[in-house]
Amino acid sequence: MTTLVVGATGATGKHLVEQLLNFEQKVKVIVRSPEKLPDSWKTNNQLSIIQASISDITEDEMAEYIQDCNAVASCLGHNMNWKGLYGKPRKLVTDAVILLCNAIKKNAPDKPVKIVLMNTSGNRNRDLNEPISIGQRFVIALLRLLLPPHVDNEKAADYLRTKVGQKNNLIEWVAVRPDGLVNEDRVTEYEVYPSPTRSAIFDAGTVSRINVGHFMAKLITENDLWNKWKGQMPVIYKTAQKNS
């Protein structure tokens, strides 16, 4: 089994790649700057490094890259600086999802290819008509006006929901919605729900990036887990500490 990962140099993408390698999977990564990769990756026979910018890759090139892949995963995101928030490309995540989907369609694989997209708990799954308070609705409307990355995340997931859909013969997908991301050194217990159990705006919790990477890797490698969540937008939370 081989998985292509875009956004592999990001804070969560690195954990996803490490988890896939821990699961003895073959991994391809597309990176602009291979020098940023851990030295252990560069000597790992299970890992292939493709040096390119995702924004410059053509559909034909991407189709070639994923020809032997059973899954692709995106941990792409915008840098939290002025250029990352308001510069180009403003539709980095959405354009990458469309590119990956078109490349899969061009290859016309015998079995559906899995797409795992890292999204955000601040994005509603409109297939489930998830309830939202007036206050949160107002804040999200402001985010759409002021923060292009939020719109990008919404449109990327919406493309999978509305354009790929639930009955596509070539593509299956899951959009993972983590709560507030924090750094931790090891995988710990976490919980996954079909919809948010708390407000992403007014009552946000946390989840570690390594746990998100672990869940995404398990989706790719465990068919039972995949069948449970495919076509959905699961929300991942850190397991609450229980009082003794």
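Look up a bit, the structure's there.
So, how was this worked out
- Residues numbered from 1 in each chain as written.
- Predicted model: local features only at pLDDT ≥ 70, side-chain atom pairs only at ≥ 80, totals over all residues.
- Heavy atoms only, no water.
- Core = buried A, V, L, I, M, F, W, Y, C linked by side-chain atoms within 4.5 Å.
- Buried < 20%, exposed > 50% of the residue type's maximum accessible area, 1.4 Å probe, protein only.
- Helix = DSSP H or I, 4+ residues; strand = E, 2+ residues; numbered from the N terminus.
- Contact = heavy atoms within 4.5 Å.
- Phe/Tyr/Trp six-rings, centres within 6.5 Å; stacked < 30°, edge-to-face > 60°.
- Pairing = 2+ DSSP bridges.
- Axes fitted to C-alpha atoms, helices over the stretch in contact; angles between N-to-C directions.
- Parallel < 35°, antiparallel > 145°, perpendicular 65-115°, else oblique.
- Left-handed = near helix turned anticlockwise from the far one by under 90°.
- Disulfide = S-S within 2.5 Å.
- 1 Å grid on protein atoms, 1.4 Å probe; cavity = no way out; pocket = protein on both sides within 12 Å on 5 of 7 lines; lining within 4 Å.
- Points joined across faces, edges and corners; volume = space filled by probe spheres on them.
- Nonpolar A, V, L, I, M, F, W, Y, C, P; charged D, E, K, R; others polar.

1. A look at the nonpolar core
Ranked by internal contacts, the top residues of the largest apolar core, which has 34 residues, are Leu4, Ile30, Ile54, Met62, Ile66 and Cys101. Take this core: its biggest share by element is nine residues, from helix α5 (residues 92–107). For Ile54, the contacting residues outside a window of four places in its chain are Val6, Met62, Leu76, Leu92, Ala96 and Leu99. Val5, Val29, Val174 and Ala217 belong to the second largest nonpolar core, which has 31 residues in total.

2. Concerning unusual backbone geometry
A negative phi angle is the norm for most residues apart from glycine, just as the trans form is the norm for most peptide bonds. Of note, Glu24 is a non-glycine position whose phi angle comes to about 60°, a positive value. Inspection of the secondary structure puts Glu24 in the loop between α1 (13–22) and β2 (26–31). For Asn129, which is not glycine, the phi dihedral falls at a positive 50°. As for its position among the elements, Asn129 is in the loop between β5 (113–118) and α6 (134–146).

3. A short note on the packing of aromatic side chains
In the structure shown here, the tally under the stated rule is two aromatic pairs. Both rings, one in Tyr190 and one in Phe215, keep their centres 6.2 Å apart while their planes meet at 70°; by these two values the pair is edge-to-face. Residue Tyr190 is found in strand β8 (residues 190–193), and its partner Phe215 is found in helix α8 (residues 209–221); the two are separated by 25 residues along the sequence. Judged by relative accessible area, which is 19%, Tyr190 ranks as buried. Using a relative accessible area of 3% as the deciding quantity, one classes Phe215 as buried.

4. What to know about the pairing of strand β6 (residues 171–178)
Across the eight residues that make up β6, a large majority, seven, are buried. In the sheet, β5 pairs with β6 via six bridges, with the strands oriented parallel. Among the inter-strand pairings, Leu117 is bridged to a residue of β6, identified as Ala175. Here two bridges tie β6 to strand β10 (residues 235–238), and the two strands are oriented parallel to one another. Counted as the bridge partner of Arg177 is Val235 from β10.

5. A short note on the packing of α1 against α8
Packing of α1 against α8 leaves a shortest axis separation of 8 Å and a crossing angle of 45°. Classified by the angle between their axes, α1 and α8 sit oblique to one another. Both α1 and α8 take part in a crossing whose hand is right-handed. The residues of α8 that touch α1, namely those facing His15, Leu16, Gln19 and Leu20, are Arg209, Ile210, Gly213, His214, Met216, Ala217, Ile220 and Thr221.

6. Describing the sheet that holds β6
If you trace the eight strands from one edge of the open sheet to the other, you get β3-β2-β1-β4-β5-β6-β10-β8, paired in mixed fashion. Both edges of this open sheet fall to β3 (47–51) and β8, since each of them pairs with a single strand only. Strand-to-strand twist across the sheet, computed as the mean angle between neighbouring axes with direction ignored, equals 20°. The strands touched by α5 within the sheet are β1 (2–6), β4 (71–74), β5 and β6, with β5 carrying the most contacts at an inclination of about 175°. Each of β5 and β6 is contacted by helix α7 (residues 148–164), which is oriented at about 150° to β6, the strand it contacts most.

7. Some points on the state of the cysteines
A full pass over the atoms with the stated rule returns zero disulfides. Considering cysteine sulfurs only, Cys101 is the nearest to Cys69, which forms no disulfide, with 14 Å between them. In this structure Cys75 is a free cysteine whose sulfur lies 15 Å from that of Cys69, the closest cysteine sulfur available.

8. Looking at the packing of α5 against α7
Between α5 and α7, the least distance of the axes is 7 Å, while the angle of their chain directions is 25°. Comparing their axes, α7 and α5 come out roughly parallel. Note on element contacts: α7 touches α5 through Asp152, Asn153, Lys155, Ala156, Tyr159, Leu160 and Val164, opposite Leu92, Val93, Thr94, Val97, Ile98, Cys101, Asn102 and Lys105.

9. Considerations on the layout of surface pockets
A probe matching the size of a water molecule, rolled over the atoms, marks out where space remains unfilled. Its boundaries defined by the atoms lining it, the second largest pocket holds a volume of some 380 Å³. Lining of the second largest pocket is provided by 18 residues; of these, Asn70, Lys111, Pro112, Val113 and Lys114 occupy positions nearest its centre. Of all the secondary structure elements, the ones that give two or more residues to the lining of the second largest pocket are α5, β5 and α9 (223–229). In terms of residue count, α9 provides more of the lining of the second largest pocket than any other element does, three residues in total. By residue class, the composition of the lining of the second largest pocket is nine nonpolar, five polar and four charged.

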